Amino acid sequence: MDPEEKTLQSSNNTTVEAGTAEYQDCLGCRLVGTGTLVGVSGYLLTQRALVDAGRVAHRRSLAGLAVISGTLGIYRWFM
């Protein structure tokens, strides 16, 4: 098979020629990815609330990871 003739087939049986179109996720894939990352963010914020106030570095690291996870979740929805 010639490299220019290679095609990609997605799970919904649509065929896209390699290099000619941008891959688009299905709605279910975006929902699961976004929900997982936002859920992890919420879990980290909940765990942060349980950490003693004296452990400032631990609380900040959990908050930072929660912000990163939430931001990635939002990014995942729109990309």
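Computed from a predicted structure; not experimentally measured.

Quick notes on the rules
- Residues numbered from 1 in each chain as written.
- Predicted model: local features only at pLDDT ≥ 70, side-chain atom pairs only at ≥ 80, totals over all residues.
- Heavy atoms only, no water.
- Helix = DSSP H or I, 4+ residues; strand = E, 2+ residues; numbered from the N terminus.
- Expected span 1.5 Å × (residues − 1).
- Buried < 20%, exposed > 50% of the residue type's maximum accessible area, 1.4 Å probe, protein only.
- Contact = heavy atoms within 4.5 Å.
- Salt bridge = Lys/Arg side-chain N within 4 Å of Asp/Glu carboxyl O.
- Axes fitted to C-alpha atoms, helices over the stretch in contact; angles between N-to-C directions.
- Parallel < 35°, antiparallel > 145°, perpendicular 65-115°, else oblique.
- Left-handed = near helix turned anticlockwise from the far one by under 90°.
- Patch = residues over 30% accessible without salt bridge, like charges linked within 9 Å, V, L, I, M, F, W, Y side chains within 5 Å.
- Areas by Shrake-Rupley, 256 points an atom, 1.4 Å probe, with all protein chains shown as cover.
- pLDDT = per-residue confidence, 0-100.

A short note on helix α2 (residues 56–78)
And then number 1: With 23 residues, α2 extends 33 Å between its outermost C-alpha atoms, agreeing within 8% with the 33 Å of an ideal straight helix rising 1.5 Å per residue.
And then number 2: When we look at burial in α2, the residues that qualify are R59, L62, A66, S69, G70 and G73.

Focus: helix α1 (residues 27–50)
And then number 1: With 24 residues, α1 ought to run about 34 Å at 1.5 Å a step, and its terminal C-alpha atoms sit 35 Å apart, in line with that.
And then number 2: Residues G33, T34, S41 and L44 constitute the buried set of α1.
And then number 3: Buried residues in α1 make contact with α2.

Description of the pattern of salt bridges
And then number 1: Inspection of the entire model under this criterion finds one salt bridge.
And then number 2: Residue D25 is joined to R76 by a salt bridge in which the shortest nitrogen-to-oxygen separation is 2.6 Å. Here D25 is found in the loop between β2 (15–17) and α1, whereas its partner R76 is found in helix α2, with 51 residues between them in sequence.
And then number 3: Since its relative accessible area comes to 23%, R76 is described here as partly exposed.

Some details on the packing of α1 against α2
And then number 1: One way to put it is that α1 packs onto α2 with a least axis distance of 8 Å and a crossing angle of 165 degrees. With respect to their mutual orientation, α1 and α2 come out roughly antiparallel. Crossing of α1 against α2: the hand is left-handed.

Examining the side chain of S41
And then number 1: You can see S41 is positioned in helix α1.
And then number 2: Judged by relative accessible area, which is 10%, S41 ranks as buried.
And then number 3: Contacts of S41, omitting those with residues within four sequence positions, involve A66, S69 and G70.

Focus: a nonpolar patch on the surface
And then number 1: On the surface, L65, I68, L72, I74, Y75, F78 and M79 cluster together to form a nonpolar patch covering roughly 790 Å² of accessible area.
And then number 2: Tracing the sequence through the fold places I74 in helix α2.

Some remarks on the confidence of the model for the chain
And then number 1: With 73% of its residues at a pLDDT of 70 or more, the chain has an overall mean of 83.
And then number 2: Ranking the elements of the chain by mean pLDDT puts strand β1 (residues 7–9) last with 53 and α2 first with 95.

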